[in-house]
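# Summary of structural features
This is what each chain is made of:
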Amino acid sequence: GLSGDITKRNLNIDASELAIAAKTYDGTKDLAGASIGIANSKDGFTDADVVASDSGNLTLNFADDAMEYDDANAGAGKSLSYKDNSAITLTGSAAANYNLVLPSNNSAVTGMTADINKKKLTFTTTGTDRVYDKGTTAAATYSALQGIIASDAGNVTLDTSGVSWAFGNANVNRDAAANAVLAK
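We now turn to the structure provided with this report. (Residues numbered from 1 in each chain as written. Predicted model: local features only at pLDDT ≥ 70, side-chain atom pairs only at ≥ 80, totals over all residues. Heavy atoms only, no water.)

## Thoughts on a nonpolar patch on the surface
Judged by side-chain polarity, Val131, Tyr132 and Val172 come together as a nonpolar surface patch covering roughly 360 Å² of accessible area. Looking at where Val131 falls in the secondary structure, it is placed in the loop between strand E12 (125-128) and strand E13 (137-142). Given a relative accessible area of 68%, Val131 falls into the exposed group. (Patch = residues over 30% accessible without salt bridge, like charges linked within 9 Å, V, L, I, M, F, W, Y side chains within 5 Å. Areas by Shrake-Rupley, 256 points an atom, 1.4 Å probe, with all protein chains shown as cover. Salt bridge = Lys/Arg side-chain N within 4 Å of Asp/Glu carboxyl O. Helix = DSSP H or I, 4+ residues; strand = E, 2+ residues; numbered from the N terminus. Buried < 20%, exposed > 50% of the residue type's maximum accessible area, 1.4 Å probe, protein only.)

Below you can see the structure in the form of C-alpha cells.
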C-alpha cells in the first residue's frame, strides 16, 4: 500500500485581529491589567492558514507576559512588542493539526496598538478659618497626593499655583463654603 506523512499546517498570528483592553498606568511596560483578546468575528490567525472546517475549533491564548508596551508612559495608540513567545499557546480540538508559528521575542507587534490610561490621583483640601474683614478671600491646605506609583514618588507634585479660593459672601458664617477660582 501507499503511505505518507500528514504534517502539521503552519499557523501564523495576525495581530490586526487581536484586541487589547487598555490598562491604567502602573509604571511598567507589562500588559498585566490589560487583557489580550480576539477582535469581533475574528480568530487571531492569518486567514489563509486555517482550514475552513477548523475555524471554530482553534483558540489562541495569551498570558499577561506574552507582550509588552514599548514604554511605560500613559498614552493612546502605543506600540507593542512580543516579550515571551512561550506565553502564547494554541488550544482547541483542531490544535494538534497545526504548528503555531511564534513571533520572535522582542520583535514588534505589527498591525496593533494599545492604550495606557492615565492614573487618577486624589488629594483633599481643608479650609482655613479666618477673621471677618469684609473680604471673600479664603485659604486652603492640601493633603499629599494619594495613588502615586512607588517608582514615581518624588517625581509627581501637586501644583496649586493659579488656584485661589473665595467665600460666596463676606459675612460671618460657620462652615461657609468656599469655591476654587482657577487662573486661566
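That shown, we press on.
## Re the environment of Gly37
Within the secondary structure, Gly37 sits in strand E4 (residues 36-38). Sequence-wise, Gly37 and Asn61 are 24 residues apart; in three dimensions their C-alpha atoms are separated by 8.2 Å. Contacts of Gly37, omitting those with residues within four sequence positions, involve Glu17, Leu18 and Ala19. (Contact = heavy atoms within 4.5 Å.)

## A closer look at the pattern of salt bridges
Summed over all chains, the structure comprises 5 salt bridges. The salt bridge partner of Asp30 is Lys83, with a shortest N-O separation of 3.2 Å. Of this pair, Asp30 sits in the loop between strand E3 (23-24) and E4 while Lys83 sits in the loop between strand E8 (80-82) and strand E9 (88-91), placing them 53 residues apart in sequence. Residue Asp30 is classed as partly exposed on the basis of its relative accessible area of 30%. Residue Lys83 is classed as partly exposed on the basis of its relative accessible area, which comes to 31%. Residues Arg130 and Asp133 are paired through a salt bridge, measuring 2.8 Å at the closest nitrogen-oxygen approach.

## A short note on the sheet that holds E12
Taken together, the 4 strands give an open sheet; going across it, the order is E12-E13-E14-E15, and neighbouring strands pair in antiparallel fashion. Looking along the sheet, the strands with just one partner apiece sit at the ends: E12 and strand E15 (178-182). Strand-to-strand, the axes of this sheet are offset by a mean angle of 40 degrees, without reference to chain direction. Examined bridge by bridge, strand E14 (residues 163-167) and E15 share 5 bridges and lie antiparallel to one another. Bridge pairing links Phe167 to Ala178 in E15. (Pairing = 2+ DSSP bridges. Axes fitted to C-alpha atoms, helices over the stretch in contact; angles between N-to-C directions.)

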